[in-house]
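Residue-level structure breakdown
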Amino acid sequence: VDAIMTLSRAAETKHLSIQEVRARLAIIREKPRAYGRWLTILAVAAGCGAFAFKMGGSPADVAATIAVAAAGQWWRVTLLARNLSPLVTTAAVATLVTLLGILLGLGAPISSNIVTNAAVLLLVPGVFLVGAVYELISGNLVSGLARGAYAVMLIMAIGAGIALTLSVFLAWSS
């Protein structure tokens with residue numbers, strides 16, 4: 001994110017050509033990840049598990065949340081690696097996380113609400129929201145509004161995935 005922000009500012013102030021920007025983007029894309037895929041999945045799952053605990057979840061809720069969030073983050077990384085749209089990926093992961101939370105709640109003594117709510121937090125676009133506020137405070141109205149609009153679109157994708165899963169589950173269980 002930092003490399004992209006730096007590039008966007010350099011493109012504006014140094015009047016970089018489209019070819020120069022594309023070349024620098026290719027360099028950024030080829031940089032190795034700071035942390036491996038599995039470490040990231042584990043960290044995201046642990047964070048979601050901590051949210052489940054903070055929401056008053058039992059140890060079983062925390063364990064279920066860790067499992068559901070790990071599956072969700074794995075699915076997210078897998079879909080993004082295949083160049084699927086981030087909005088479609090977000091909706092798909094929200095669908096999966098909600099479905100897993102519901103299904104685990106049917107067969108185990110856990111709170112599906114806590115598990116689903118805590119696990120779906122991996123999708124919250126915090127970086128985009130913070131970036132939007134920073135850009136707006138800095139006076140960069142266009143980029144701030146663009147980041148904010150993108151964050152809102154991601155939040156809507158999360159809601160769509162959850163709503164789809166709940167609608168299908170409620171229709172099926174009736």
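I will try to describe carefully the structure that is included in this document. (Residues numbered from 1 in each chain as written. Predicted model: local features only at pLDDT ≥ 70, side-chain atom pairs only at ≥ 80, totals over all residues. Heavy atoms only, no water.)

Structural notes on unusual backbone geometry
What counts, and what does not: Strands here are runs of E lasting at least two residues and helices are runs of H or I lasting at least four, both read from the DSSP assignment and numbered beginning at the N terminus. Each residue's exposure class comes from its accessible area (1.4 Å probe, protein chains only) as a fraction of the maximum for that residue type: buried when under 20%, exposed when over 50%, partly exposed otherwise.
Despite not being glycine, His15 has its phi angle at roughly 50°, a positive value. Take His15: it is sitting in the loop between helix H1 (2-13) and helix H2 (18-30). Residue His15 is classed as exposed on the basis of its relative accessible area, which comes to 68%. Unlike most non-glycine residues, Asn83 shows phi in positive territory, near 60°.

Describing the pattern of salt bridges
Going by this rule: Salt bridges are defined as contacts in which a side-chain nitrogen from Lys or Arg sits within 4 Å of a carboxyl oxygen from Asp or Glu.
Applying the stated criterion across every chain yields a total of two salt bridges. One salt bridge connects Arg9 with Glu135, and the closest N-O pair in it is separated by 2.9 Å. Pair noted here: Arg9 is in helix H1 and Glu135 is in helix H7 (residues 126-137), with a separation of 126 residues, a long-range link. Where Arg147 meets Glu135, a salt bridge forms, and the shortest distance between an N and an O atom there is 3.9 Å. Here Glu135 lies in helix H7 and Arg147 lies in helix H8 (residues 141-173), a separation of twelve residues in the sequence.

Observations concerning a nonpolar patch on the surface
Selection criterion: Distance thresholds for patches are 9 Å for like charges and 5 Å for nonpolar side chains (Val, Leu, Ile, Met, Phe, Trp, Tyr), applied to residues having over 30% relative accessible area and no salt bridge. Residue exposure ignores everything except the shown protein chains as possible cover, and the areas themselves are Shrake-Rupley values with a 1.4 Å probe.
A grouping of Tyr35, Leu39 and Leu42 is seen on the molecular surface, where their side chains present a nonpolar patch of about 350 Å² in accessible area. Looking at the element boundaries, Tyr35 is found in the loop between H2 and helix H3 (37-54).

Remarks on the nonpolar core
Defined as follows: To define a nonpolar core, start from buried Ala, Val, Leu, Ile, Met, Phe, Trp, Tyr and Cys residues and group those joined through side-chain atoms within 4.5 Å. In this description, contact between two residues means that some pair of their heavy atoms is separated by no more than 4.5 Å.
Ala69, Val97, Val120, Leu122 and Leu123 are the most contacted members of the largest nonpolar core, which totals 15 residues. Listing elements by their share of this core, those giving two or more residues are H3, helix H4 (59-81), helix H5 (86-107) and helix H6 (112-119). Every residue in contact with Leu122, bar those within four places of it in the chain, is listed here: Val44, Cys48, Ala69, Gly72, Gln73, Arg76 and Val93.

Structural notes on the packing of H4 against H6
The angle between the axes and the distance between the axes are what describe a pair of packed helices. Let me state the cut-off plainly: Axis geometry follows a simple rule: fit a line to the C-alpha atoms, using only the stretch in contact for helices, then measure angles between N-to-C directions, giving values from 0 to 180 degrees. An angle below 35 degrees is read as roughly parallel, one above 145 as roughly antiparallel, one from 65 to 115 as roughly perpendicular, and any other as oblique. Take the far helix as your reference; a near helix turned counterclockwise from it by less than a right angle gives a left-handed crossing, and one turned clockwise gives a right-handed crossing. Residue classes follow a fixed rule: Ala, Val, Leu, Ile, Met, Phe, Trp, Tyr, Cys and Pro count as nonpolar, while Asp, Glu, Lys and Arg count as charged, and any other residue, Gly among them, counts as polar.
In the contact formed by H4 and H6, the axes pass within 9 Å of each other and the chain directions differ by 40°. Classed by the angle they form, the pair H4 and H6 counts as oblique. As for the relative orientation of H4 and H6, their crossing is right-handed in sense. Between H4, through Asp61, Ala64, Thr65, Val68 and Ala69, and H6, the contact on the second element is made entirely by Ile114, Val115, Ala118 and Ala119. Of the residues in the contact of H4 with H6, the class split is seven nonpolar, one polar and one charged.

Examining H3
The following threshold applies: Take the number of residues in a helix, subtract one, and multiply by 1.5 Å to get its expected span. By arc we mean the arc of the directions from the helix axis to the C-beta atoms, nothing more.
Between the first and last C-alpha of H3 there are 26 Å, a value that for 18 residues agrees with the 26 Å anticipated at 1.5 Å per step. Among all positions of H3, only Ile41, Ala45, Cys48, Gly49 and Ala52 are buried. Down the axis of H3, the sector holding all buried residues measures 105°, keeping them to one side. Exposed and facing more than 90 degrees away from the buried side of H3 are Phe53 and Lys54. Residues of H3 that are buried make contact with H4 and H6.

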